[in-house]
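# Coordinates in review
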Amino acid sequence: QVQLVESGGGLVQPGESLRLSCAASGYTLNYNAIAWFRQAPGKEREEVSCINADGTTRYEDSVEGRFTISRDKAKNTVYLQMNGLKPEDTAVYYCAGRDGMYSIWCSPTPSDFVSWGQGTQVTVSS
């Protein structure tokens, strides 16, 4: 049974920080990539960051230098530290896991991910 549970969203002012957590069961981080996606109203779902099973990472250009993805294998949890938040970061944030032969590798394509959390709302507003 695969289950991903996000937490840590909230309402913050521009420039503030949040740390999102994705607790995974049914996956092991040694063999599965985990991504963070976000979706704002009226916009396409986009990947903001991903961590491969080997621990290497990628970031969407707009969050590079502000967001940091990390993992705790003992807790089977992936984190997204979000600093310097901007209003355009407002969205529902989801964590997602892959399946199949490429499950250890990140992908920017939502359809490549088969397990999704329920989402956590991040609102950045003054």
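Residue numbering note: each chain is counted from 1, following its sequence as written. Note on the predicted model: pLDDT of at least 70 is required for a residue's local features to be given, and 80 or more for side-chain atom pairs to be given and counted; whole-chain, interface and lining totals, by contrast, use all residues. Side-chain numbers come from the whole structure's heavy atoms, not from hydrogens or water.

## Description of the packing of aromatic side chains
Inclusion rule: When two rings of Phe, Tyr or Trp (its six-membered ring) have centres within 6.5 Å they constitute a pair, described as stacked for plane angles under 30 degrees, edge-to-face for angles over 60, and tilted for the intermediate range. To qualify as a helix, a DSSP run of H or I must reach at least 4 residues; to qualify as a strand, a run of E must reach at least 2; elements of each kind are numbered from the N terminus. Partly exposed describes any residue whose relative accessible area lies between the buried limit of under 20% and the exposed limit of over 50%, with all areas from a 1.4 Å probe on protein chains only and scaled to the type maximum. A ring has a charge above it when a Lys NZ or an Arg CZ is no more than 6 Å from the ring centre and no more than 35 degrees off the ring normal.
The final tally for this structure, using the stated rule, is 4 aromatic pairs. Between Y94 and W116, the ring centres sit 6.2 Å apart and the planes meet at 80°, which makes this aromatic pair edge-to-face. Here the residue Y94 occupies a position in strand β9 (residues 91-98), and W116 occupies one in strand β10 (residues 113-116), the gap between them amounting to 22 residues. Overall, the relative accessible area of 15% leaves Y94 in the buried class. Look at W116 and you get partly exposed, because its relative accessible area is 26%. Between F113 and W116, the aromatic rings sit 6.3 Å apart at their centres with planes inclined by 65°, giving edge-to-face as the arrangement. The exposure class assigned to F113 is buried, which follows from its relative accessible area of 4%. By the ring-pair criterion, three or more aromatic residues cluster together here, those being F37, Y94, F113 and W116. In this arrangement the basic side chain of R19 is found over the ring face of Y79, its NZ or CZ atom lying 4.0 Å from the centre. Sitting above the plane of the Y94 ring, R45 keeps its charged end 4.2 Å from the centroid.

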